[in-house]
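Residues per chain are reported as follows:
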Number of protein chains: 2
Amino acid sequence: MEITVSIDAMGGDHGAHVTVPAALKFLKAHPDVNVVLVGLGDAIEAELKARHASAGPRLRVHHASEVVAMDEAPQLALKNKKDSSMRVAINLVKTGEAHACVSAGNTGALMATARFVLKMLPGIERPAIAKMLPTMRGSSCVLDLGANVDCTPAQLYQFGVMGAMLFGALNHRDNPSVGLLNIGSEEIKGNDAVKEAAELLRASKLNFYGNVEGDDIYKGTVDVVVCDGFTGNVALKTSEGLAKMIGQFLREEFSKSWWRKLIAVVAAPVLLSFRHRMDPRRLNGASLLGLRGIVVKSHGGADSFAFYCALEQALEEARSGVLHKITETLASHTALTATPAEPE
Amino acid sequence: MEITVSIDAMGGDHGAHVTVPAALKFLKAHPDVNVVLVGLGDAIEAELKARHASAGPRLRVHHASEVVAMDEAPQLALKNKKDSSMRVAINLVKTGEAHACVSAGNTGALMATARFVLKMLPGIERPAIAKMLPTMRGSSCVLDLGANVDCTPAQLYQFGVMGAMLFGALNHRDNPSVGLLNIGSEEIKGNDAVKEAAELLRASKLNFYGNVEGDDIYKGTVDVVVCDGFTGNVALKTSEGLAKMIGQFLREEFSKSWWRKLIAVVAAPVLLSFRHRMDPRRLNGASLLGLRGIVVKSHGGADSFAFYCALEQALEEARSGVLHKITETLASHTALTATPAEPE
């Protein structure tokens with residue numbers, strides 16, 4: 001199947017300067033893929049020209065006259081900027097002209113606009129932000145990472161279904177294991193929402209592992225980690241902060257004296273491959289799940305390689321038909337729940 | 001002031017084998033400190049003998065006939081083991097024979113027992129677990145780390161007061177800054193409890209910075225980070241998991257081939273000082289705050305050096321009069337709130 005990806009070319013801290021080269025690399029890597037660059041025509045054309053490229057049958061430039069600022073209030077952006085690059089790019093998914101949309105823009109505005117334009121999938125109450133995180137065993141999908149502060153048990157269960165389908169799609173795996181993020185104290189085993197969500201997950205057809213704790217995320221104990229958006233956001237940001245601190249400590253230790261700097265030169269190949277392994281750009285791209293369309297959010301500060309990785313993720317999602325699988329799974333689970341006595 | 005610390009000598013994965021040598025090192029480091037080793041007399045005496053040490057005026061052995069297992073249900077331990085080393089060690093704080101108690105035992109049982117025996121400080125509704133975490137600027141105090149799943153705004157405010165007093169005591173600093181852990185999405189700024197807690201903290205005499213995000217913990221943006229126990233526990237455990245993963249990746253990169261192993265030998269002094277800097281043992285010791293007595297929880301798997309660090313923390317707390325400061329601050333804040341029009 002020929003896939004078309006619409007790109008909010010103006011989104012992110014660097015706009016077209018990052019999105020255009022990423023799109024060109026993406027087109028080169030996938031001869032069966034088309035791209036629509038949405039945004040200020042002049043800016044996009046200038047970036048294309050600077051890279052000796054131009055629009056053609058596989059690369060279309062779609063002019064949009066407005067840009068959503070990175071710090072703009074989501075509801076204002078939604079209300080006032082109907083011709084923003086973000087909104088028009090999402091519209092292309094709605095009309096079927098694109099199979100997926102990628103934006104590095106304002107997360108809140110992207111979520112609000114995508115939800116307004118695309119609407120929710122049947123059976124899903126709230127969208128969730130899902131992301132692959134590196135683990136000792138490979139990578140795991142964690143959701144929600146900040147779209148929902150308070151979650152009902154049913155919503156956490158839906159996150160489980162969406163996460164399992166996304167993980168399966170991105171890793172070509174059936175029946176991934178799902179864990180529910182909880183705390184380890186013996187006395188208290190989570191709040192009521194988490195306890196009830198565990199019951200729902202246990203009763204479902206998902207491969208439910210049970211409760212997991214924070215350290216299980218990076219151990220790779222399960223393929224999918226389900227949590228509410230408050231907890232997930234704190235876990236993600238805390239991880240980012242810790243990784244930065246460790247990186248800085250390591251750099252400092254290797255530059256404390258002239259002979260330590262010399263050792264750093266000797267150790268450079270090892271340190272570089274360590275750095276490559278820890279490179280967050282390779283897992284750039286968070287999926288906005290639960291919508292009637294594929295939307296991938298790139299980190300706002302993404303460089304061209306990182307944005308390219310987000311495009312790759314959108315392509316994988318589009319190819320795998322992840323939305324169809326989510327709807328199907330939810331429907332079959334609901335049928336099962338409705339008729340518990342019936343043999344399968 | 002001469003300080004006496006009671007030690008649950010049987011607690012933790014290694015019991016007296018770890019607690020006794022740590023106590024001996026502690027006594028050596030502080031000539032004005034006394035220690036009471038509580039637990040099975042024979043086991044303690046055997047460990048002392050193996051280290052050519054014996055009880056004396058500064059080192060007392062207090063026999064307790066029972067031991068709380070690491071996986072024992074807290075309420076059962078509280079009900080059935082009235083002569084456990086943990087309970088007797090806490091009792092010594094209650095009776096005034098010790099100024100602080102340190103245990104590496106079962107967290108839930110320690111919390112339940114300490115709360116039952118010591119009772120809460122006036123003005124504090126729930127105890128909290130607080131810990132110093134390393135940051136880019138030094139260290140910050142984070143609480144609650146798992147004692148309370150759901151917290152009211154008033155409780156979060158009380159955590160702020162307790163954390164500020166603890167940080168001040170351990171770091172000899174007045175007026176430390178306090179931040180409230182929240183999420184960064186523009187659209188949603190935390191749940192109701194967090195929003196209301198921010199109001200209480202802002203209206204208090206504390207040096208309230210405002211909301212902070214997960215990455216601010218390790219940036220060291222504030223001295224004290226306040227959160228509910230669910231979020232705090234996930235943040236802490238996630239950090240532990242990530243630190244372990246990064247450590248493993250680094251080791252793997254340095255051992256992938258014979259020449260990389262050779263580079264590791266050359267880089268050994270740098271890697272060792274990096275490892276020392278990241279050593280979690282140096283910050284071992286979580287304070288059970290809010291009780292009418294000082295109780296410090298050591299990691300269950302602590303070795304003798306780590307347990308020694310927890311003893312140091314208990315000593316600092318006892319010397320600084322942290323409990324008195326918490327009570328005083330809470331009382332003065334309440335007075336302020338009650339008479340807002342009165343000039344200070």
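Being a predicted model, the structure only gives us computed values, none of them experimental. Residue numbers here run from 1 along each chain, matching the order of that chain's written sequence. Numbering of ligands from 1 and lettering of chains from A proceed in the order in which they are written. Only residues with pLDDT of at least 70 are given local features in this predicted model, and only at 80 or more are side-chain atom pairs given and counted; all residues enter the totals for whole chains, interfaces and linings. Excluding hydrogens and water, the side-chain figures rest on all heavy atoms present in the structure.

Engineer: Would you take a moment to explain the overall build of chain A for this structure?
Structural biologist: The numbering of helices and of strands both runs from the N terminus, where a helix is a DSSP run of H or I of at least 4 residues and a strand a run of E of at least 2. Counting secondary structure elements, chain A contains 13 helices and eleven strands. The reference for a compact globule is 2.2 Å times residues^0.38; the radius of gyration itself is calculated from the C-alpha atoms. Taken over C-alpha atoms, the radius of gyration comes to 21 Å for chain A, in line with the 20 Å a tight globule of 344 residues would show. The dimensions of chain A, computed from C-alpha atoms along their principal axes, are 65 × 60 × 40 Å. The cut-offs for exposure are 20% and 50% of the maximum accessible area for each residue type, with area from a 1.4 Å probe on protein chains only; residues under the lower value are buried, those over the upper are exposed, and the others partly exposed. Burial analysis of chain A (344 residues in total) assigns 59% to the buried set.

Engineer: Teacher, can you tell me more about the relation of the copies chain A and chain B here?
Structural biologist: For the pair of chain copies, the relating operation is a rotation around an axis with a shift along it. Superposition of the copies was done by least squares, using only C-alpha atoms of residues whose pLDDT is at least 70 in both. Once chain A is rotated about the relating axis by 180° and shifted along it by 0.0 Å, it coincides with chain B to within an RMSD of 0.0 Å. What the rotation and shift describe, once combined, is the action of a two-fold rotation axis. The contact criterion used throughout is that any non-hydrogen atoms of two residues lie within 4.5 Å. Counting the interface residues of chain A, we find that 100% of their copies in chain B are interface residues as well, pointing to one common contact surface.

Engineer: What's the story with the side chain of T135 of chain A in this structure? I'm lost.
Structural biologist: Looking at where T135 of chain A falls in the secondary structure, it is placed in strand β5 (residues 128-135). Separated by 3.0 Å, the side chain of T135 of chain A and the backbone nitrogen of R137 of chain A make a polar contact. Beyond its immediate sequence surroundings of up to four residues, T135 of chain A is in contact with S140, I217, Y218, K219 and G220 of chain A together with M245 and F249 of chain B. We define a polar contact as two N or O atoms separated by no more than 3.5 Å, with the added condition that, inside protein, one atom must be a possible hydrogen donor and the other a possible acceptor, whereas residues neighbouring each other in sequence contribute only through side-chain atom pairs.

Engineer: Would you mind showing me how to read the pattern of salt bridges here?
Structural biologist: Residue and element names in this part refer to chain A. We define a salt bridge as a contact between a side-chain nitrogen of Lys or Arg and a carboxyl oxygen of Asp or Glu at a distance within 4 Å. Scanning the model with the defined rule gives 28 salt bridges over all chains in all. One salt bridge in this structure joins R60 and E97, with 3.5 Å as the shortest N-O distance. Linking R60 in strand β3 (residues 59-63) with E97 in the loop between α4 (85-94) and β4 (100-103), this pair joins segments that are 37 residues apart in sequence. E97 gets classed as partly exposed once you look at its relative accessible area, which sits at 41%. E199 serves as the salt-bridge partner of R202, at 3.3 Å between the closest nitrogen and oxygen.

Engineer: Which parts of the structure should I look at to understand the state of the cysteines?
Structural biologist: Note on terminology: a disulfide is the covalent bond linking the sulfur atoms of two cysteines. All names here are of chain B. Sulfur atoms of two cysteines make up a disulfide when they are within 2.5 Å. The full count for this structure, using the stated rule, is zero disulfides over all chains. Of all cysteine sulfurs, the one in C227 lies closest to C151, which takes part in no disulfide; the gap is 8.3 Å. Judged by relative accessible area, C151 falls into the buried class, the value being 12%.

Engineer: Would you mind going over the packing of helix α9 (residues 229-253) of chain A against helix α9 (residues 229-253) of chain B with me for this structure?
Structural biologist: When two helices pack together, their arrangement is captured by the angle between the axes and the distance separating the axes. Here the axes come from fitting lines to C-alpha atoms, over the contacting stretch only for helices, and the angles between their N-to-C directions go from 0 to 180 degrees. Between α9 of chain A and α9 of chain B, whose axes approach to 9 Å, the crossing angle comes to 40°. It follows from the interaxial angle that α9 of chain A and α9 of chain B lie oblique. Relative to α9 of chain B, the crossing made by α9 of chain A is right-handed. Mapping the contact onto sequence places F230, T231, V234, A235, T238, S239, L242, A243, I246 and L250 of chain A in α9 of chain A and F230, T231, V234, A235, T238, S239, L242, A243, I246 and L250 of chain B in α9 of chain B. Only Asp, Glu, Lys and Arg are considered charged in this grouping, and only Ala, Val, Leu, Ile, Met, Phe, Trp, Tyr, Cys and Pro are considered nonpolar; every other residue, Gly among them, is considered polar. For the contact of α9 of chain A with α9 of chain B, the residue count by class is 14 nonpolar, six polar and no charged. Any angle between 65 and 115 degrees counts as roughly perpendicular, while under 35 counts as roughly parallel, over 145 as roughly antiparallel, and the rest as oblique. By the definition used in this description, the sense in which the near helix is turned from the far one sets the handedness, with an anticlockwise turn below a right angle giving left-handed and a clockwise turn giving right-handed.

Engineer: What's the story with the interface of chain A and chain B in this structure? I'm lost.
Structural biologist: The interface is formed by 62 residues belonging to chain A together with 62 residues belonging to chain B. Carbon and sulfur atoms supply 73% of the area buried between chain A and chain B, which totals about 5700 Å² over both sides. Where chain A meets chain B, there are six salt bridges. Elements with a minimum of two residues in the side of chain A that touches chain B: α3 (74-80), α5 (107-118), β5, α8 (214-219), α9, α10 (258-266) and α11 (268-278) of chain A. For the side of chain A that touches chain B, the element with the highest residue contribution is α9 of chain A, accounting for 20 residues. Here the residues of the side of chain A that touches chain B are counted per class, giving 32 nonpolar, 18 polar and twelve charged. Take the accessible area each of two parts loses on contact, using a 1.4 Å probe, and add the two losses: that sum is the buried area.

Engineer: Can you walk me through a nonpolar patch on the surface in this structure?
Structural biologist: Residues form patches when they are more than 30% accessible in relative terms and have no salt bridge. Like charges link within 9 Å. Nonpolar side chains (Val, Leu, Ile, Met, Phe, Trp, Tyr) link within 5 Å. The accessible surface values rely on the Shrake-Rupley method and a 1.4 Å probe; as for residues, cover is taken only from the protein chains in view. Together, W258, W259 and L262 of chain A make up a nonpolar patch on the protein surface, roughly 400 Å² of accessible area in all. Tracing the chain through its elements places L262 of chain A in helix α10.

Engineer: Sorry, what's going on with the environment of V296 of chain B here?
Structural biologist: Residue and element names in this part refer to chain B. Relative to the helices and strands, V296 is located in strand β11 (residues 294-297). As a C-alpha pair, V296 and A314 span 18 residues in sequence and 6.0 Å in three-dimensional space. Among all residues touching V296, those that are not within four sequence positions of it are C101, V102, S103, G285, A286, S287, A310, A314 and E317.

Engineer: So what exactly am I meant to see when it comes to the domain arrangement of chain A here?
Structural biologist: When the parts of a complex come together, some accessible area is lost, and that lost area is often used as the size of the interface. Residues and elements named next belong to chain A. Looking at chain A, the domain boundaries give domain 1 (1-124 + 290-321) and domain 2 (126-281). Segment limits for the domains were obtained from an automatic or database-derived domain assignment. Inter-centroid distance (C-alpha atoms) of domain 1 to domain 2 is 26 Å. For the pairing of domain 1 and domain 2, the buried interface totals around 1200 Å² over both sides, and the portion due to carbon and sulfur atoms is 66%. Taken as a group, M111, I124 and E316 account for 35% of the area that domain 1 buries against domain 2, more than any other trio of residues on that side. The partner of D303 in a salt bridge is R281, and the shortest N-O contact between them spans 2.6 Å. There are three residue pairs in polar contact (both at pLDDT 80 or more) connecting domain 1 and domain 2. Secondary-structure elements contributing two or more residues to the side of domain 1 that touches domain 2 are α5 and α12 (304-320).

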